[in-house]
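Coordinate inspection notes
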Amino acid sequence: MPRLTDARKELRRAQIAEAAVRCFGRNGLERTSIADITAESGLSAGSIYAHYRNKADLVQAAAREVLAKRAEVLGEYAASDAPPDPDELLTRLIAAIDPAEARVGVQTWGEATTDPAIRAIVVDMIDQMRAMLCDCVTAWLVKVEHQEPAAGRERATPIAHRVSALYQAELLYTALRPPTEETAS
């Protein structure tokens, strides 16, 4: 059997993580089995276990996959010539919420209350998200509002904290909506 290149391994890991997100979103963390992820991904159980030790590793990968998507978007906003103001930033983030990903996020937060490994992942993700939001708001304050970088950074921190809290509230609201409402909106 030919060896996978590093790039191919990363693509395969992403394929498995994306399948896991879909399964977790549909069935819940507890009720999703490796067999479900195998069926969703179209890969063998051996292939999945070659990339992830267990379901906990998949939960971590799924969480990081979701964060990576937000990080890419926030990086683009911050790098633009005219980054969005905080209200527009929040509007864009909310518009991009995927209901399945929201369910996975909320389930992961729930698991974080009793599982120290998941708690570490969630705290790290929230810290990273806040830092990215702070970078984006700082960019807006500096590029659009013409504040000095240090003053912009200081002012951006509490704003980013509030944007993060409102975004998390919207994630929870989206996760709690029945699937029939998802297709109607």
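These lines cover the structure that appears in this document, whether it is placed above or below. Numbering of residues begins from 1 in every chain and follows the order in which that chain's sequence is written. Thresholds applied to this predicted model are a pLDDT of at least 70 for local features of residues and 80 or more for the giving and counting of side-chain atom pairs; totals over whole chains, interfaces and linings are not thresholded and use all residues. The side-chain numbers reported here are obtained from all heavy atoms of the structure, hydrogens and water having been left aside.

1. Some words on the pattern of salt bridges
The term salt bridge refers to a side-chain nitrogen of Lys or Arg lying within 4 Å of a carboxyl oxygen of Asp or Glu. What the rule picks out here adds up to 5 salt bridges. Glu-40 is the salt-bridge partner of Arg-22, the closest N and O atoms lying 2.7 Å from each other. Linking Arg-22 in helix α1 (residues 6-27) with Glu-40 in helix α2 (residues 34-41), this pair joins segments that are 18 residues apart in sequence. Relative accessibility decides the category of a residue: with a 1.4 Å probe and only protein chains considered, values under 20% of the type maximum give buried, values over 50% give exposed, and everything between is partly exposed. The class of Glu-40 is partly exposed, set by a relative accessible area of 27%. Note that Arg-53 and Asp-57 form a salt bridge whose closest N and O atoms lie 2.9 Å from each other. Owing to a relative accessible area of 67%, Arg-53 belongs among the exposed residues under this scheme. Per the convention used, a helix needs a DSSP run of H or I reaching at least four residues, while a strand needs a run of E reaching at least two, with both numbered from the N terminus.

2. Some points on empty space enclosed by the protein
Here a cavity means grid points, on a 1 Å grid over the protein atoms only, where a 1.4 Å probe fits yet cannot get out; a pocket means an open set of points with protein on both sides within 12 Å along at least five of seven lines; lining residues are those with an atom within 4 Å of a point. Grid points are joined across faces, edges and corners, and a volume is the space filled by probe spheres set on the points. Within this structure, the stated rule accounts for 1 cavity of 30 Å³ or more. Within this model, the largest cavity holds a volume of roughly 330 Å³. Considering the residues around the largest cavity, the lining is formed by 21 residues, among which Val-66, Gly-105, Trp-109, Met-125 and Leu-171 are closest to the centre. Elements that contribute at least two residues to the lining of the largest cavity include exactly α4 (55-79), α6 (99-112), α7 (116-143) and α8 (149-176). For the lining of the largest cavity, the element with the most residues is α6, which contributes 6 residues. In the scheme used here, Gly and all other residues not listed as nonpolar or charged are polar, with Ala, Val, Leu, Ile, Met, Phe, Trp, Tyr, Cys and Pro taken as nonpolar and Asp, Glu, Lys and Arg as charged. Looking at side-chain class alone, the lining of the largest cavity contains 14 nonpolar, 4 polar and 3 charged residues.

3. A word on the packing of α1 against α4
Viewed as axis vectors pointing N to C, α1 and α4 meet at an angle of 95 degrees, and their least axial separation amounts to 9 Å. In this view, α1 runs roughly perpendicular relative to α4, as classed from their interaxial angle. Of the residues in α4, those in contact with Ala-14, Ile-16, Ala-17, Glu-18, Ala-20, Val-21 and Phe-24 of α1 are Lys-55, Leu-58, Val-59, Ala-61, Ala-62, Glu-65 and Val-66. Across the contact of α1 with α4, the residue classes break down as 11 nonpolar, no polar and 3 charged. Note on geometry: axes are C-alpha line fits, over the in-contact stretch for helices, and angles between N-to-C directions span 0 to 180 degrees. Working definition: roughly parallel below 35 degrees, roughly antiparallel above 145 degrees, roughly perpendicular at 65 to 115 degrees, and oblique for all remaining angles. The contact criterion used is simple: two residues touch if any of their non-hydrogen atoms lie within 4.5 Å.

4. As for the side chain of Thr-174
Within the secondary structure, Thr-174 sits in helix α8. What makes Thr-174 buried here is its relative accessible area of 4%.

5. A word on the side chain of Thr-38
Inspection of the secondary structure assignment puts Thr-38 in helix α2. Given a relative accessible area of 16%, Thr-38 falls into the buried group. Beyond its immediate sequence surroundings of up to four residues, Thr-38 is in contact with Leu-43, Ser-44, Ala-45 and Ile-48.

6. Here we look at the environment of Cys-134
Locating Cys-134 in the fold gives a position in helix α7. For Cys-134, a relative accessible area of 6% gives the class buried. Sequence spacing of Cys-134 and Ala-156 is 22 residues, and the spatial spacing of their C-alpha atoms is 5.6 Å. Apart from residues no more than four positions distant in its own chain, Cys-134 is found in contact with Arg-153, Ala-156, Thr-157 and Ala-160.

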